[in-house]
Amino acid sequence: MIAKISWPNNNITGAGFRWIGICKTRIKPRKMSAFIEETKSLLPRIAFIACGCFSPPTPMHLRMFEIAKDHFEMQGTHRVVGGIISPTHDSYGKKGLASALDRCAMVKLATQSSNWIRLSDWEVHQNQWMRTQAVLQHHQNYINNHINSGGSGGDDEPDTHLARWLPRGLHDSRDPVHLKLLCGADLLESFAVPGLWAEADIEDIVANHGLVVITRAGSNPGKFIFDSDILTKYQNNITLITNWVPNEVSSTLIRRLLGRGQSVKYLLDDLVLEYIKRQRLFNFKSKYITDAVRPNHLLFNHAYTDNNKNASSYSINDQLEQDMDESDTPSPQLQKTATSRVFCCGETSLRGSTKLLRSGPGQAVQVITMQADDKEESQAKKQKVSQVQV
């Protein structure tokens, strides 16, 4: 027997289809967009922090933030509210490490075009080098206290006493912001180096904060997690993201090219490169005779230097902690004073006044030359560099 199914009075062909059409027309794109935004606002909030030397900061340092943010937004599991770059203390002593003031200034310049990645100079202002776990815990506690303060200060109400690295819009809701350590696969691999990291620090970072690891295509970071009991235990707190656009430009490579007098154009942000040239960082070798005496409008970064010139100083007797938790062992030799800026036959003071250093009769005075087209081309960049403030 075959049962025959029919609609009573054939209403589905008339009023039923008309009702379905009305429903479709009433769901307007504008309302749907608002619904999506409201749904995003209900997602758990996270922020990224990257620790390291940043000597100098490269585009890949910033690309890691963008790659991580894209991943979580595409997954639809979290809402990324901010990114923080925390350069390490001067006492870290790694070879090729520029002064903390210079590294902070370069990070500030490199992040000028970003509306969500910010510099934190808290670490460089401490009395000594800080473990990564301590850096994460400080920033996490500061964010929590700021959210729980009830909405005073922040970006909507400027407050000079608040850290400028705080993400924007923290008081849009009272939901907590979970801070995660953003890093490359090399840091994950360094966990396996005996004695380099304290196991208690690894467990605290992974268990209480979490890792966001940017890996290369073809690498196998899962093996490093499998080989570690601690990482395997908290593997749900580790997010592995493949970078499908490889970029092998590292700070070490940049320093090597600069020391050889080779071009790093298009490997660095133009403002960062301009800063390196003007400050003669990383044994920079110029092909032109310039800057023995610099005009006032080319003296830059005074605001940050003047405000922080005493902040990064530390006693030569300060001892480094033995249980390192970074990927490079710091040098035992600490530099007590910042590198002086001396240019051939003249020395330019911070205020722009210039005096010639004459040690005896017959000393040559360097002639300053600059091509007109080069001067016009880079004038806009120099003005931006001169306005750097932290």
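The coordinates are above.
What you see is a predicted model; the values in this text were computed from it and never measured.

**A look at the pattern of salt bridges**
Then step 1. Using the criterion set out here, one finds seven salt bridges in the structure.
Then step 2. Residue R103 pairs with D90 through a salt bridge whose shortest N-O separation is 3.1 Å. Of this pair, R103 sits in helix 4 (residues 100-110) while D90 sits in the loop between strand 2 (79-87) and helix 4, and the two are 13 residues apart along the sequence.

**A look at the pairing of strand 2**
Then step 1. Most of strand 2 is tucked away, with eight of its nine residues classed as buried.
Then step 2. Both strand 1 (residues 45-52) and strand 2 contribute to a ladder of eight bridges, which runs parallel. In the sheet register, A47 faces strand 2, and the bridge partner there is G82.
Then step 3. Where the polypeptide runs from strand 1 across helix 3 (residues 59-75) and back to strand 2, its parallel neighbour, the crossover connection is right-handed.
Then step 4. The pairing of strand 2 with strand 3 (residues 117-119) spans three bridges and is parallel. Counted as the bridge partner of I85 is L119 from strand 3.

**Focus: the packing of helix 5 (residues 132-148) against helix 7 (residues 199-209)**
Then step 1. Two numbers describe how helix 5 lies on helix 7: the axes approach to 9 Å, and their chain directions differ by 30°. What the angle tells us is that helix 5 and helix 7 run roughly parallel. When the axes of helix 5 and helix 7 are compared, the crossing they make is left-handed. Where helix 5 approaches helix 7, its residues T132, Q133, L136, Q137 and Q140 are matched on the opposing element by D201, D204, I205 and H209.
Then step 2. Split into classes, the residues belonging to the contact of helix 5 with helix 7 amount to two nonpolar, five polar and two charged.

**Focus: the layout of surface pockets**
Then step 1. Estimated volume of the second largest pocket: approximately 950 Å³.
Then step 2. Around the second largest pocket, the lining comprises 36 residues; the ones closest to its centre are H61, M64, G184, D186 and S250.
Then step 3. Of all the elements in the fold, those that place two or more residues in the lining of the second largest pocket are strand 1, helix 3, strand 4 (177-184), helix 6 (185-190), strand 5 (211-216) and helix 10 (251-259).
Then step 4. Class assignment for the residues of the lining of the second largest pocket results in 16 nonpolar, 13 polar and seven charged.

**Quick word on the nonpolar core**
Then step 1. With 43 residues, the main nonpolar core has F48, F65, L182, L258 and I276 as its most contacted residues.
Then step 2. Sorting the residues of this core by element identifies strand 1, helix 3, strand 2, helix 4, strand 3, strand 5, helix 10 and helix 11 (270-279) as the ones contributing at least two each.
Then step 3. Apart from residues no more than four positions distant in its own chain, F65 is found in contact with F48, A50, G83, I84, I85, W116, I117 and L182.
Then step 4. One finds W197, I205, V213 and I225 within the second-largest nonpolar core, a separate group that totals 34 residues.

**A word on the sheet that holds strand 2**
Then step 1. The strand order 3-2-1-4-5-6 describes an open sheet built from six strands, whose pairing is parallel. Because the sheet does not close on itself, it has two edges, and the strands there are strand 3 and strand 6 (238-243). Within this sheet the neighbouring strands show an average axis-to-axis angle of 30°, counted without direction.
Then step 2. For strand 5 and strand 6, the ladder comprises six bridges, and the chain directions are parallel. Along strand 6, the bridge assignment pairs V213 with L240.
Then step 3. Lying on the sheet, helix 3 is in contact with strand 1, strand 2, strand 3, strand 4, strand 5 and strand 6; it crosses strand 6 at an angle near 115°.
Then step 4. The strands touched by helix 4 are strand 2 and strand 3; relative to strand 2, the strand with the most contacts, the crossing angle is about 150°.

**Some remarks on the pairing of strand 4**
Then step 1. Of all eight residues in strand 4, seven are buried, a share of seventy percent or more.
Then step 2. Relative to strand 4, strand 1 is paired through five bridges, and the arrangement is parallel. Opposite R45, over in strand 4, you have V177 as the bridge partner.
Then step 3. Here strand 4 runs beside strand 5; their pairing, made up of four bridges, is parallel. Within the sheet, the bridge partner assigned to L181 lies in strand 5 and is L211.

Cut-offs applied
Numbers given for residues are sequential positions, taken from 1 along each chain in its written order. pLDDT decides what is reported in this predicted model: residues at 70 or higher carry local features, side-chain atom pairs at 80 or more are listed and counted, and totals for whole chains, interfaces and linings draw on all residues regardless. Side-chain calculation: all heavy atoms of the structure are included, whereas hydrogens and water are not. Within this document, salt bridges are pairs made up of a side-chain nitrogen of Lys or Arg and a carboxyl oxygen of Asp or Glu, the two lying within 4 Å of each other. Secondary structure follows DSSP: runs of H or I at least 4 residues long count as helices, runs of E at least 2 residues long count as strands, and numbering of each begins at the N terminus. Type-normalised accessible area, obtained with a 1.4 Å probe on protein chains alone, sets the label of each residue: buried when under 20%, exposed when over 50%, and partly exposed for intermediate values. One requirement defines pairing of two strands: DSSP has to find at least two bridges between them. Crossovers are marked right-handed if the path from the first strand over the helix to the second runs clockwise, as seen with the strands pointing away from the viewer. Each axis is a line fitted through C-alpha atoms, taken for helices only over the stretch in contact, and angles between the N-to-C directions span 0 to 180 degrees. Note that the term roughly parallel is reserved for angles under 35 degrees, roughly antiparallel for angles over 145, roughly perpendicular for angles of 65 to 115, and oblique for everything else. Two helices that cross are described as forming a left-handed crossing if the nearer one is turned anticlockwise from the farther one by less than a right angle, and a right-handed crossing if clockwise. Note on contacts: a residue pair is in contact if any heavy atoms of the two residues lie within 4.5 Å. Ten residue types, Ala, Val, Leu, Ile, Met, Phe, Trp, Tyr, Cys and Pro, are classed as nonpolar, four, Asp, Glu, Lys and Arg, as charged, and the remainder, Gly among them, as polar. Here a cavity means grid points, on a 1 Å grid over the protein atoms only, where a 1.4 Å probe fits yet cannot get out; a pocket means an open set of points with protein on both sides within 12 Å along at least five of seven lines; lining residues are those with an atom within 4 Å of a point. Grid points are joined across faces, edges and corners, and a volume is the space filled by probe spheres set on the points. Take the buried residues of types Ala, Val, Leu, Ile, Met, Phe, Trp, Tyr and Cys, join any two whose side-chain atoms come within 4.5 Å, and each joined set is a nonpolar core.

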